[in-house]
Amino acid sequence: MLYFGSFNPIHKGHIAVAEYAIEKGLCDEAVLIVSPQNPLKSAELQAPELDRFSMAEIACAASKHADRIKPSVVEFLLDKPSYTINTLRHLTENHGQEMSFSILMGDDLIEQLPQWRKYREILDNYPIFVYPRYGKGTLPDLGGGQITFLADAPRHQYASSDIRQRLERGEDVTNMLPEGVMQYIREKHLWDPVRYIAQLTSRIDATPDDPQLYIERGQWYYRRNEWGKAINDFNKALQIDPSNEQAKQFVEMVYEILSFRHTDLYNP
């Protein structure tokens, strides 16, 4: 079973679905096809290919079925851009005599399938197993093909994009990541909070009259207990938009925290 994705980064939800496929007897092996750099995605958001593969390798090795859940770099070696049909053709031509292939994907992707290159060839030749991501519970009518909806597959209320954003904000995401992946991210400084705040500051410099940017940066300082910088950003947001309730609430929260911690200054 081929599980295509950026895995940017891989998380527990990815591994849980792969383990489910093994345990339900849907396949002998689940192979995570790590996609190469997508030209349509920002390079700042997508970790380097080999880092994403290394994280997938760590996650697969820590899974309950490490001998049957593995990552693959096959798309790194094929011509770019990487189209799923080209990967399927390559694997079938080179290994089709010894094994058959199926595809695992989320219900958000099955709706996009008609936009894929040669999607009818994919539908007609490869069984597709679809797991729920957003609780829709139904599949589009694509006119044939072997499509199976895995209604009881495990669900997780987060995506890789959520994890990246939390990492950049300096939040703890250890409970979302397979064992060893968080350590790798730290060692490689992927989605580093310092880079995130630098990007926010650049956006503020480019659009200095956007109160939401100041609030976003203020929230980052707030979470890191940098109260002076936080209050400055919230007050700046209020200067731009005096009616902004979110900024008002954060100002009140900061003053409440400081008055509680420093009674000698605020309550003489």
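Let me sum up the structure you'll find in this document.

The rules behind these values
Numbers given to residues run from 1 along each chain, matching the order in which its sequence is written. Per-residue local features of the predicted model are confined to residues with pLDDT of at least 70, and side-chain atom pairs are confined, for both listing and counting, to 80 or more; whole-chain, interface and lining totals are unaffected and use all residues. With hydrogens and water excluded, all non-hydrogen atoms of the structure serve as input to the side-chain values. Here the axes come from fitting lines to C-alpha atoms, over the contacting stretch only for helices, and the angles between their N-to-C directions go from 0 to 180 degrees. Strands are runs of DSSP state E lasting at least 2 residues, helices are runs of H or I lasting at least 4, and numbering of each runs from the N terminus. Roughly parallel means an angle under 35 degrees; roughly antiparallel means over 145; roughly perpendicular covers 65 to 115; every other angle is labelled oblique. Take the far helix as your reference; a near helix turned counterclockwise from it by less than a right angle gives a left-handed crossing, and one turned clockwise gives a right-handed crossing. Every residue pair with non-hydrogen atoms within 4.5 Å of one another is taken to be in contact. For this classification, the nonpolar set comprises Ala, Val, Leu, Ile, Met, Phe, Trp, Tyr, Cys and Pro, the charged set comprises Asp, Glu, Lys and Arg, and every other residue, Gly included, is treated as polar. What counts as a ring pair is set by centres within 6.5 Å for rings of Phe, Tyr and Trp (its six-membered ring), and what kind of pair is set by the plane angle: stacked under 30 degrees, edge-to-face over 60, tilted for all other angles. Three exposure classes are used, based on accessible area relative to the maximum for each residue type with a 1.4 Å probe and protein chains only: buried under 20%, partly exposed in between, and exposed over 50%. Only Lys NZ and Arg CZ are tested; either one counts as a charge over a ring when it is within 6 Å of the ring centre and within 35 degrees of the ring normal. Counted as salt bridges are all cases of a side-chain nitrogen of Lys or Arg within 4 Å of a carboxyl oxygen of Asp or Glu. Here the expected span of a helix is defined as 1.5 Å times the quantity of residues minus one. The rule for pairing is simple: two strands pair if DSSP sees at least two bridges between them. Think of a polar contact as two N or O atoms within 3.5 Å of one another; within protein, one of them needs to be a possible hydrogen donor and the other a possible acceptor, and neighboring residues in sequence only count if both atoms come from side chains.

### Here we look at the packing of helix H9 (residues 193-206) against helix H10 (residues 211-223)
- Contact geometry for H9 and H10: axes closest at 10 Å, N-to-C directions at 155°. The orientation of H9 relative to H10 falls into the category roughly antiparallel. In the crossing of H9 with H10, the sense of the turn from one axis to the other is left-handed. Between H9 and H10, the contacting residues are Pro 193, Tyr 196, Ile 197, Leu 200, Thr 201, Arg 203 and Ile 204 on the first element and Leu 213, Tyr 214, Glu 216, Arg 217, Trp 220 and Tyr 221 on the second.
- Here the residues of the contact of H9 with H10 are counted per class, giving 9 nonpolar, 1 polar and 3 charged.

### Focus on the packing of aromatic side chains
- Counted according to the given criterion, the structure contains 6 aromatic pairs.
- Ring geometry for Tyr 222 versus Trp 227: centroids 5.5 Å apart, planes at 80°, classification edge-to-face.
- Residue Trp 227 is classed as buried on the basis of its relative accessible area of 13%.
- For the ring pair Phe 234 and Phe 250, a centre distance of 4.7 Å and an interplane angle of 15° mean the geometry is stacked. Separated by 16 residues along the polypeptide, Phe 234 in helix H11 (residues 227-240) and Phe 250 in helix H12 (residues 245-261) bring together distant segments of the chain. Per residue, the accessibility class of Phe 234 equals that of Phe 250, and both read buried.
- An aromatic cluster is present here, built from Tyr 222, Trp 227, Phe 234 and Phe 250 joined pairwise through their rings.
- The side chain of Arg 117 reaches across the aromatic face of Tyr 83, ending 4.0 Å from its centre.

### Considering the pattern of salt bridges
- Within this structure, the stated rule accounts for 12 salt bridges.
- One salt bridge connects Glu 121 with Arg 89, and the closest N-O pair in it is separated by 2.7 Å. Placement of Glu 121 in helix H6 (residues 119-125) and of Arg 89 in helix H4 (residues 84-95) is noted, with a sequence separation of 32 residues between them.
- Under the relative-accessibility criterion, Glu 121 is labelled partly exposed at 27%.
- Residue class for Arg 89 comes out partly exposed when judged on its relative accessible area of 31%.
- Notably, a salt bridge pairs Arg 169 with Glu 171, separated by 2.9 Å at the nearest N-O pair.
- Using a relative accessible area of 25% as the deciding quantity, one classes Glu 171 as partly exposed.
- Each of Arg 169, Glu 171 and Arg 223 takes part in salt bridges that share partners, so that together they form one network.

### A short note on helix H1 (residues 12-23)
- Compared with the 16 Å implied by 1.5 Å per residue over 12 residues, the 16 Å span of H1 between its first and last C-alpha is a close match.
- Phi for Gly 25, located one or two positions after H1, is positive at around 70°.

### Looking at the pairing of strand S4 (residues 103-106)
- By the alternation rule, side chains of S4 split into Ile 103 and Met 105 and Leu 104 and Gly 106, which are all buried.
- As defined by bridge partners, strand S1 (residues 2-5) adjoins S4 across 2 bridges and the pair is classed as parallel. Paired with Tyr 3 across the strands is Leu 104, a residue of S4.
- Pairing analysis gives 4 bridges linking S4 to strand S5 (residues 128-131), with the strands arranged parallel. Looking at the pairing, Leu 104 lines up with Phe 129 of S5.

### Here we look at the side chain of Asp 107
- By secondary structure assignment, the location of Asp 107 is in helix H5 (residues 107-110).
- On the accessibility criterion, Asp 107 (1% relative accessible area) is buried.
- Of note is the side chain of Asp 107, whose polar atom sits 3.2 Å from the backbone nitrogen of Arg 133.

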